[in-house]
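# Topology and contacts: notes
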Amino acid sequence: MGISRRGFIKATAVTGATVAGLSANKPMLTAFSETDKKGQIAESGKWMASTCQGCTSWCPVQVYVENGRAIKVRGNPNSKGNHGKICPRPHLAIQQLYDPDRVKVPMKRTNPKKGRNEDPKFVPISWEEAIDAVTDKMMELRKSNETHKFALFRGRYTGAADIFYKALPTIFGSPNNISHSAICAEAEKLGPYITEAYWDYRDYDLEHTRYVLMWSTDPVSSNRQVPHAISMFGKVLDQAKVAVIDPRLSATASKADEWLPVIPGQDGALVSAIAHVILKEGIWNREFVGDFKDGENLFAKGSAVDEAAFEENKTYGIVKWWNLELKDRTPEWAAEIAGVPAEQIYRVARDFAEAAPRAISWLAPGSAMQIRGGYTSMGAHALNALAGSIENIGGTNRGEKVPLQDIPELDAYLDEIAKKGKKNEKIDQRGRIQFPAFAKGELHKGVITNNVADGILNEDPYDIKMAIGYWNNFVFSCTGAQRWEKAMEKIPFYVHITVNPAEMTQYADIVLPACHQLFERWGVIKSKQNMNAYGSIQQPVVEPLWDCKVDETEIGWLIAESLAKKGFSNLYDYYRNEFADPETGKKATNEKEFNLVATKFYRKNSGTHLKRRRATKSAAGRNLSTWASGTRSGHLIRSIGKRALKRHQRNSNFTVKH
Ligand SMILES: Nc1nc2c(c(=O)[nH]1)N[C@H]1C(S)=C(S)[C@@H](COP(=O)(O)OP(=O)(O)OC[C@H]3O[C@@H](n4cnc5c(=O)[nH]c(N)nc54)[C@H](O)[C@@H]3O)O[C@H]1N2
Ligand SMILES: Nc1nc2c(c(=O)[nH]1)N[C@H]1C(S)=C(S)[C@@H](COP(=O)(O)OP(=O)(O)OC[C@H]3O[C@@H](n4cnc5c(=O)[nH]c(N)nc54)[C@H](O)[C@@H]3O)O[C@H]1N2
Ligand code: SF4
Ligand SMILES: [Mo]
C-alpha cells in the first residue's frame, strides 16, 4: 500500500501515543499503560495472593489490583495443586464482587408476614442496630432457659469455621449447629470409609494413570480439582482411556472414550456387573487381592465359592462379596436395570482390569447421594481394590493432611444453662433409628441436613425460635424446597449472613452483608489436588465498597461483644482469652483484628514449607502477613503425595504395605 517500514513505525507510534494519551490518568489495564525508558511497562498495580472458594477445589490464586480495584484473577503460579491455573469461575467472581445487587448494608424486615410471595420490605439499618436485634433475641432465649431453640446453619466455610459454627452455639447452649454436609457428599465418603477405613476425599494420580472410570463426576467442570483436571485432561486422553458413567452427556463425557448413560440411581447394578466380570474372567490384580490356593479360578456365574479356597492378600471378604452379591450380577442383568448395553459393561470391565493397577475408579456424590447410594459408594471404591490401585502409581490415593490448629477447648466457658441446653436432642433428629447417618464412620453422628425442615415444621423434638444461617441457601439447595419454605416461615426470627440476596434471605428478619471470600477477608483454607495437599490464605486484596463484615470471625466477635454487654460474656471471654496473634502474642481488641488473629492462629502449626523458604527469619512459619502479601507466596504445599509416589517408584512391586 506504498507505506515504508519507517513510515509504518511512525504511524503506529502516533496511534500508540494517542491511546496512551487517552488513558494517561488512570490506565484501565497495564496493557494500555505507558512504557518507561527501558521499554518496560510501568505497572500501576500489583498481583496479590488469595484463595478462591468458588467451588470446593479451593485454589490458590492471585488478584491483580490497580487503584484499589480488583481487575483480574489468575492462578497462583507457585501452586502445584492447581498448576498455577484457575477455572473460568473466578474471572466472574469480579462481577460478584462489584455486583450492584449485593447486600450492601445490614437490613431489617418490616413486613412481619413471611412467604415466597411476601415482600419482606427490608429497610437499611446500622450494624449496631442489627447486632443489637440479634443479641436481644439470644438473651431472651437465655432468660427463658430455651437456648436449645437456637440454631446455626452453615453452608460453605473456611478452616476457621469452628470459631463461629461450633463455639457460638455450644457456649450459648444449643446442640443445633447444622451443616450442609448431608446434602453434599457424606454418602460418597461412606464407601471409602467402610472399605478402606478412610473418611475423606481421595486424590488421583492422573499423571500416571491408564484408565479412569468416572462415577457421576464431571471433573473438568466440578468436583474438587477442576484446574488440575482441566490441565491434565489432554494428557489423560492421550495415554489413558476415560469412561464416564452419567445420565447426562457432561463436558467430560463428551470427550471420553466411553459414556455410560446410566439410569439415575442405578449405578449399583453397574458396579456389581463390572466386579462380576473382573472376578469371573480372572482379571483381578492378584498381588493386591490374592488368588485361589490351587490357582484355578472358581468364580463361575451363579455358583457360590468356598471361602477357604481363596487366600486374600490385602483385601478382606472378596469371596463373601461374590457369594452374597456378585455371582448372579451379569452385565446382561445390569443392562436391564441400569440401561447400559451389556457389551459396553464387558468392555469397560476388561479395559479397566487390563490397565490395572494404573486404573482409577473415581467416585463422586451423584451416584452415592441416592437411595442405597452408600452401597454404590462401597462397590465403586472396591473396584480400586480389584485393580490394586489403592495408594498406587496411577491410582487412587489418600493425600496428606495439612494440619491446621484445632479450636481451643470450649468446656470451661459453658455455664449451667449452656450445659443443660446442649444436652437436648438436635433438631435434625440425629440418633433416631430411621436416620443412621455416619460421620467419620460413626453411626448416628452425621448431620441430617434436609430433615431439619421437618423437625422445625413438626416441632419435633421442639420448636425453633431463632436461627442464623451463613453461606448457605437450604431453601434452594435441599430437595423438597417447599418444606423448607414453610419451615422458614415458621421460624420467628431468622438472620441470614450472605453476599447476595438468596431464596433464604426472603425469610430473614435481619440480613447481614458478608464480605466476599476471595477479595475481602482473611481466611485459611486447606485442600488437595494433583497429589499435593496444601494450605492457602485468603486476604483482603481490596477495601470493600459496601458495609460488609466477615461471617465467621467479625460477625462472631460482634455478637459475642454485644452479648457480653447484656450480661452474658462467656463467648466474648473465650474469643478474648483463647486467641492470640502467634507472632506478637497480642489479643484482638475489635472484630477486624479478630479476623486476622484467628486466621494466624488457625494456621500456626502448618509452617513447614515456610520454614524452608524463610529460614533466616526467626518468626519463620508464622509470618502470615509477609506470607500472603508476596506474589511468590500465598500458600504452602505439602508435597508428601509426590514423595510417597517416589517411594512407590522405588518399590518394584508398586504396592504399599501399611
Ligand atoms: N439440585 C441440586 N442440589 C444440590 C446440589 C446439586 O448438584 N444439585 N449440590 C449439593 C451440594 S454438593 C452442596 S455442597 C449444597 C450447597 O448448598 P448450600 O450450602 O445451601 O450453599 P449454596 O446454595 O451454594 O448457597 C450459598 C449462599 O452463600 C452466599 N455466599 C456466597 N459467598 C459467600 C460468602 O463468602 N460468605 C457468606 N456468608 N455467604 C456467601 C450466596 O449468596 C448463596 O446464597 O447443595 C446441594 N444441593
Ligand atoms: N462448578 C462447580 N463446581 C463445584 C461445585 C459447584 O457448585 N459448582 N460444588 C463443589 C461441591 S460442594 C461438590 S460436593 C462437588 C461435587 O462434584 P461432583 O462430585 O463431580 O458432582 P456434580 O458435579 O454435582 O455431579 C456430577 C454428575 O453426576 C451426575 N449424576 C446425577 N445423578 C446421577 C446418578 O444417579 N448416577 C450417575 N452416575 N451420575 C449422576 C450429574 O449428571 C453430574 O454430571 O463439586 C464441587 N465443585
Ligand atoms: S476450580 Fe478453583 S478457581 Fe475454579 S471456582 Fe473452584 S476454587 Fe475457584
Ligand atoms: Mo458439596
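In what follows, the accompanying structure is described. Owing to the predicted nature of the structure, the values given are computational and were not obtained by experimental measurement. (Residues numbered from 1 in each chain as written. Chains lettered and ligands numbered in written order. Predicted model: local features only at pLDDT ≥ 70, side-chain atom pairs only at ≥ 80, totals over all residues. Heavy atoms only, no water.)

Okay, the packing of helix H9 (residues 267-280) against helix H11 (residues 318-326) next. Put simply, H9 and H11 touch, their axes get as near as 11 Å, and they point 125° apart. With respect to each other, H9 and H11 are oriented oblique. H9 and H11 meet at a crossing whose hand is left-handed. Residue-level inspection shows Ser 272, Ala 275, His 276, Leu 279 and Lys 280 of H9 in contact with H11, the latter providing Ile 318, Trp 321, Trp 322, Glu 325 and Leu 326. Of the residues contributing to the contact of H9 with H11, the split by class is six nonpolar, two polar and two charged. (Axes fitted to C-alpha atoms, helices over the stretch in contact; angles between N-to-C directions. Helix = DSSP H or I, 4+ residues; strand = E, 2+ residues; numbered from the N terminus. Parallel < 35°, antiparallel > 145°, perpendicular 65-115°, else oblique. Left-handed = near helix turned anticlockwise from the far one by under 90°. Contact = heavy atoms within 4.5 Å. Nonpolar A, V, L, I, M, F, W, Y, C, P; charged D, E, K, R; others polar.)

In this section: empty space enclosed by the protein. Tallying each qualifying case throughout the model produces three cavities of 30 Å³ or more. One number sums up the size of the largest cavity: a volume of about 90 Å³. In terms of lining, the largest cavity is formed by Cys 52, Gly 54, Cys 55, Ser 57, Trp 58, Cys 59, Ile 86, Cys 87, Arg 89, Pro 90 and Pro 227. Classifying every residue of the lining of the largest cavity gives eight nonpolar, two polar and one charged. Volume-wise, the second largest cavity comes out at about 60 Å³. The wall of the second largest cavity is formed by Leu 206, Val 212, Met 214, Pro 219, Val 220, Ala 229, Met 232, Phe 233, Val 236 and Trp 362. Here the lining of the second largest cavity takes four residues from helix H7 (residues 226-239), the largest share from any one element. Of the residues contributing to the lining of the second largest cavity, the split by class is ten nonpolar, no polar and no charged. (1 Å grid on protein atoms, 1.4 Å probe; cavity = no way out; pocket = protein on both sides within 12 Å on 5 of 7 lines; lining within 4 Å. Points joined across faces, edges and corners; volume = space filled by probe spheres on them.)

Around ligand 3, the neighbouring residues are Cys 52, Gly 54, Cys 55, Ser 57, Trp 58, Cys 59, Ile 86, Cys 87, Arg 89, Pro 90, Val 226 and Pro 227. Sorting the residues of the shell around ligand 3 by element identifies helix H2 (89-97) and H7 as the ones contributing at least two each. Of the residues belonging to the shell around ligand 3, the class tally is nine nonpolar, two polar and one charged. (Near = heavy atom within 4 Å.)

Looking now at the packing of aromatic side chains. The full count for this structure, using the stated rule, is 27 aromatic pairs. What links up through ring pairs into an aromatic cluster is the set Tyr 413, Trp 557, Tyr 572, Tyr 574, Tyr 575, Phe 579, Phe 594, Phe 601 and Tyr 602. (Phe/Tyr/Trp six-rings, centres within 6.5 Å; stacked < 30°, edge-to-face > 60°.)

For ligand 1, the set of nearby residues contains 19 residues, the closest of which are His 180, Asn 473, Ser 477, Thr 498 and Asp 551. One nitrogen or oxygen atom from the side chain of His 180 is found 2.6 Å from an oxygen atom belonging to ligand 1. Asn 473 places a main-chain nitrogen or oxygen 2.8 Å from an oxygen atom of ligand 1. Computed on the free molecule, ligand 1 has an accessible area of 930 Å², of which 65% lies beneath the protein chains in the complex. (Polar contact = N/O pair within 3.5 Å; in protein donor to acceptor, adjacent residues only side chain to side chain. Areas by Shrake-Rupley, 256 points an atom, 1.4 Å probe, with all protein chains shown as cover.)

A word on the layout of surface pockets. Here the second largest pocket defines a volume of roughly 1,000 Å³. Together, 38 residues line the second largest pocket, and Thr 195, Trp 321, Met 378, Gly 379 and Ala 382 are the ones closest to its centre. Every element with two or more residues in the lining of the second largest pocket is listed here: helix H6 (186-196), H9, H11, helix H12 (331-338) and helix H15 (373-387). Ranked by residue count, the leading element in the lining of the second largest pocket is H15, at eight residues. Of the residues assigned to the lining of the second largest pocket, the class counts are 18 nonpolar, eleven polar and nine charged.

All right, on to the pattern of salt bridges then. For the coordinates displayed, the defined rule picks out 38 salt bridges. A salt bridge links Lys 419 to Glu 416; the nearest nitrogen and oxygen atoms lie 3.7 Å apart. Here the residue Lys 419 and the residue Glu 416 both occupy positions in helix H16 (residues 416-422), the gap between them amounting to three residues, near one helical turn. On the basis of relative accessibility, which here comes to 39%, the residue Lys 419 falls in the partly exposed class. Notably, a salt bridge pairs Lys 445 with Glu 442, separated by 3.0 Å at the nearest N-O pair. If you follow the salt bridges from partner to partner, you end up with Glu 146, Lys 149, Asp 463 and Lys 465 in one network. (Salt bridge = Lys/Arg side-chain N within 4 Å of Asp/Glu carboxyl O. Buried < 20%, exposed > 50% of the residue type's maximum accessible area, 1.4 Å probe, protein only.)

Before going further, it helps to spend a moment on the sheet that holds strand E1 (residues 45-52). Judged by pairing direction, the sheet is antiparallel, and its three strands sit side by side in the order E1-E2-E3 without closing on themselves. The sheet is open, and its two borders are formed by E1 and strand E3 (69-75), each paired with just one other strand. Neighbour-to-neighbour, the strand axes of the sheet open up by a mean angle of 30°, direction not taken into account. By the bridge criterion, six bridges tie strand E2 (residues 59-66) to E3 in an arrangement that is antiparallel. Counted as the bridge partner of Val 61 is Gly 75 from E3. (Pairing = 2+ DSSP bridges.)

This part is about the pairing of strand E9 (residues 211-215). Burial analysis of E9 places five of its five residues in the buried class, the great majority of the element. Residues Tyr 211, Leu 213 and Trp 215 point to one face of E9 and Val 212 and Met 214 to the other, with burial holding for every one of them. Taken together, the five bridges between E9 and strand E14 (residues 359-363) define a ladder with parallel strand orientation. Note that in E14 the partner of Tyr 211 across the bridge is Ala 359. For E9 and strand E10 (residues 241-245), the ladder comprises five bridges, and the chain directions are parallel. Looking across to E10, one finds that Val 212 is bridged to Val 242. Between the parallel pair E9 and E10, the chain is carried across by H7, and the sense of this crossover is right-handed. (Right-handed = clockwise from strand over helix to strand, strands pointing away.)

Turning our eyes to something else, we now look at H7. With 14 residues, H7 should cover 20 Å at 1.5 Å per step; its first-to-last C-alpha distance of 19 Å lies within 8% of that length. At Met 232, H7 shows its strongest bend, of approximately 45°. Turning to H7, its buried residues number three or more, namely Val 226, Pro 227, His 228, Ala 229, Met 232, Phe 233 and Val 236. (Expected span 1.5 Å × (residues − 1). Bend = angle between axes of the 7 residues up to and from the residue.)

Further remarks concern the sheet that holds E14. Strands pair in a sheet through their backbones, by hydrogen bonds, and they do so in one of two ways: parallel or antiparallel. With respect to topology, four strands assemble into an open sheet ordered E11-E10-E9-E14, the strand pairing being parallel. In the strand order of this sheet, the two ends are held by strand E11 (258-260) and E14, each with one partner. Across the sheet, the mean angle separating the axes of adjacent strands is 15° when strand polarity is ignored. Sheet contacts for H9: E9 and E10; angle to E9, the most-contacted strand, approximately 150°.

For Val 542, the location among the structural elements is in the loop between strand E22 (532-538) and helix H20 (551-565). Along the chain, Val 542 and Asn 67 lie 475 residues apart, while their C-alpha atoms are 9.4 Å from each other. The contact partners of Val 542, leaving out residues within four places of it in the chain, are Val 65, Gly 68, Arg 69, Ala 70, Leu 97, Tyr 98, Phe 519 and Glu 520.

Ranked by internal contacts, the top residues of the largest apolar core, which has 55 residues, are Met 138, Phe 150, Ile 468, Ile 559, Tyr 574, Tyr 575 and Phe 579. Examining the composition of this core, we find that seven residues originate from one element, helix H3 (residues 127-143), more than from any other. Taken together, domain 2 (45-98 + 518-546) and domain 3 (103-184 + 405-514 + 549-573) each give at least three residues to this core, which thus spans both. The contacts of Met 138, once residues within four sequence positions are left out, are Phe 150, Leu 168, Phe 172, Met 466, Ile 559 and Leu 563. (Core = buried A, V, L, I, M, F, W, Y, C linked by side-chain atoms within 4.5 Å. Domains from an automatic or database assignment.)

On to unusual backbone geometry, then. Each neighbour pair has its own omega, and for Ala 356 with Pro 357 the value is 5°, a cis peptide bond. Here Pro 357 shows up in the loop between helix H13 (342-355) and E14. With an omega of 15°, the peptide bond running from Asp 460 to Pro 461 counts as cis. Following the sequence through the fold, Pro 461 ends up in the loop between helix H17 (452-457) and strand E18 (466-470). Despite not being glycine, His 83 has its phi angle at roughly 55°, a positive value. The backbone of His 444 shows a phi angle near 70°, a positive value even though the residue is not glycine. Considering the arrangement of structural elements, one finds His 444 in the loop between strand E17 (442-443) and H17.

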